[in-house]
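Letter by letter, the chains look like this.
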Amino acid sequence: MSKILFIFQLFSFWNKGKDPIFELFMKDKKVLDLGCGEGKLLQKNPNLIYGIDINMTTVEALKKKKLNVERGSVTEIPHEANSFDVVHCSNIIEHLTPVEAQKMFLEIKRVLKKNGIVIIITPMPKTIWNTFGHIKPYPPTSIRKLLRRVSLESFDSVAGLEIQNIFYYGTWARCKFTFVLSTIISNIFPSTGGSYLMAIKKIEN
């Protein structure tokens, strides 16, 4: 998908009151939402979308709503191998150390079906420090290096996952036109972006 088409579809779905990421990547697919929080994504299709969260109070509240959720960590996902078409990981990785992030990718690879997709959404370095709980930024280049076949790090690489697309969001603004404009600029000059979405495909077990 081209960046221009993605931006057009993104704002087209928003104007219709729909979740563009759900519509583009997850509709009618079996999905695992990591760090599912209040369960907004789970409620879009309770029969096909599952969640995990480390907060037991959150998990218990979602179970009362009859949603498919379990308590679990992103570094030890409580699901069987090859279970999901899509794994959704929004605003999670920036809360992890590099070792934890590597373990998360290994777990994501394990639970994804072959040709399944993981959606990573995370802040760019210029905006990440706006939140107290963030540990470090993971710009696209850092993830690209993690997924290479030969590791040049102190831990193993995560081979078998391949980046398909990277899309950048602008810096959030109350004025929709300003946000649209900054998103367009961010996809021309990525360093200006506020955050990014990366679609990664599992190409082998």
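Before any of the text, the structure's been laid out above.
Everything quoted here is computed from the prediction, not taken from an experiment.

**Overview of the overall build of the protein chain**
- Each helix and strand in the protein chain was counted, giving 7 helices and 7 strands.
- A compact globule built from 205 residues should have a C-alpha radius of gyration of about 17 Å, and the protein chain, at 17 Å, falls within 12% of that.
- C-alpha extents for the protein chain along the principal axes are approximately 45 × 40 × 35 Å.
- A burial count over the protein chain gives 46% of its 205 residues as buried.
- Of the contacts formed within the protein chain by residues at least 6 apart in sequence, a portion of 66% connects residues at least 24 apart.
- Total accessible area on the protein chain is roughly 10,800 Å²; 55% of this is exposed by carbon and sulfur atoms.

**Overview of unusual backbone geometry**
- Unlike most non-glycine residues, Asp 28 shows phi in positive territory, near 65°.
- Here Asp 28 is to be found in the loop between α2 (20-26) and β1 (31-34).
- Backbone geometry at Asn 115 places phi at a positive 75°, although glycine is not the residue there.
- Assessed through its relative accessible area of 47%, Asn 115 is described here as partly exposed.

**Focus on the side chain of Ser 182**
- Structurally, the position occupied by Ser 182 is in helix α7 (residues 176-188).
- Accessibility expressed as a relative area gives 18% for Ser 182, which makes it buried.
- Here Phe 179 takes part through its backbone oxygen, which lies 3.0 Å from a polar atom of the side chain of Ser 182.

**Some details on the sheet that holds strand β2 (residues 49-53)**
- Here we have 7 strands laid out as an open sheet, ordered β3-β2-β1-β4-β5-β7-β6, and mixed in their pairing. Of all strands in the sheet, those with a lone pairing partner are β3 (69-71) and β6 (161-169), marking the two edges. Averaged over all pairs of adjacent strands, the angle between strand axes in this sheet comes to 15°, irrespective of strand direction.
- Of the strand pairs in this sheet, β1 and strand β4 (residues 84-90) are connected by 3 bridges, and their pairing is parallel. What sits directly across from Leu 32, in β4, is Val 87.
- With respect to the sheet, helix α1 (residues 3-15) is in contact with β6 and β7 (195-202), its orientation differing from that of β6 by roughly 60°.

**A word on the pattern of salt bridges**
- Under the criterion given, the structure shown has 4 salt bridges.
- For Lys 27, the salt bridge identified is with Glu 23, shortest N-O distance 3.5 Å.
- Arg 110 is the salt-bridge partner of Glu 107, the closest N and O atoms lying 2.9 Å from each other. Residue Glu 107 and its partner Arg 110 are both found in helix α4 (residues 98-111); the two are separated by 3 residues, about one turn of the helix.
- For Arg 110, a relative accessible area of 28% translates into the label partly exposed.

**Comments concerning the pairing of β4**
- Along β4, 5 of the 7 residues are buried, which leaves the element largely enclosed by surrounding structure.
- The sheet contact formed by β4 and strand β5 (residues 112-123) spans 6 bridges and is parallel. Looking across to β5, one finds that Cys 89 is bridged to Ile 120.
- Remark: the β4/α4/β5 crossover connection has right-handed handedness.

**Looking at the packing of aromatic side chains**
- Summed over all chains, the structure comprises 6 aromatic pairs.
- With a centroid separation of 3.9 Å and an interplanar angle of 15°, the aromatic rings of Phe 6 and Phe 167 are classed as stacked. Here Phe 6, found in helix α1, pairs with Phe 167, found in strand β6; they are 161 residues apart in sequence, far enough to count as distant.
- Consider the rings of Phe 11 and Trp 14, whose centres lie 5.0 Å apart with planes at 75°: the pair is edge-to-face. With a gap of 3 residues between them, Phe 11 and Trp 14 both fall in helix α1, about one helical turn apart.
- A residue is classified by how much of its surface remains accessible, and Phe 11, at 10% relative accessible area, is buried.
- When the ring centre of Tyr 50 is taken as origin, the NZ or CZ atom of Lys 30, which lies over that ring, is 5.3 Å away.
- The ring centre of Phe 22 lies 5.8 Å from the NZ or CZ of Lys 44, which sits over that ring.

Cut-offs used in this document
- Residues numbered from 1 in each chain as written.
- Predicted model: local features only at pLDDT ≥ 70, side-chain atom pairs only at ≥ 80, totals over all residues.
- Heavy atoms only, no water.
- Helix = DSSP H or I, 4+ residues; strand = E, 2+ residues; numbered from the N terminus.
- Rg over C-alpha atoms; globule rule 2.2 N^0.38 Å.
- Buried < 20%, exposed > 50% of the residue type's maximum accessible area, 1.4 Å probe, protein only.
- Contact = heavy atoms within 4.5 Å.
- Areas by Shrake-Rupley, 256 points an atom, 1.4 Å probe, with all protein chains shown as cover.
- Polar contact = N/O pair within 3.5 Å; in protein donor to acceptor, adjacent residues only side chain to side chain.
- Pairing = 2+ DSSP bridges.
- Axes fitted to C-alpha atoms, helices over the stretch in contact; angles between N-to-C directions.
- Salt bridge = Lys/Arg side-chain N within 4 Å of Asp/Glu carboxyl O.
- Right-handed = clockwise from strand over helix to strand, strands pointing away.
- Phe/Tyr/Trp six-rings, centres within 6.5 Å; stacked < 30°, edge-to-face > 60°.
- Lys NZ or Arg CZ within 6 Å of the ring centre and 35° of its normal.

Function-wise, these values are silent; they only describe arrangement.
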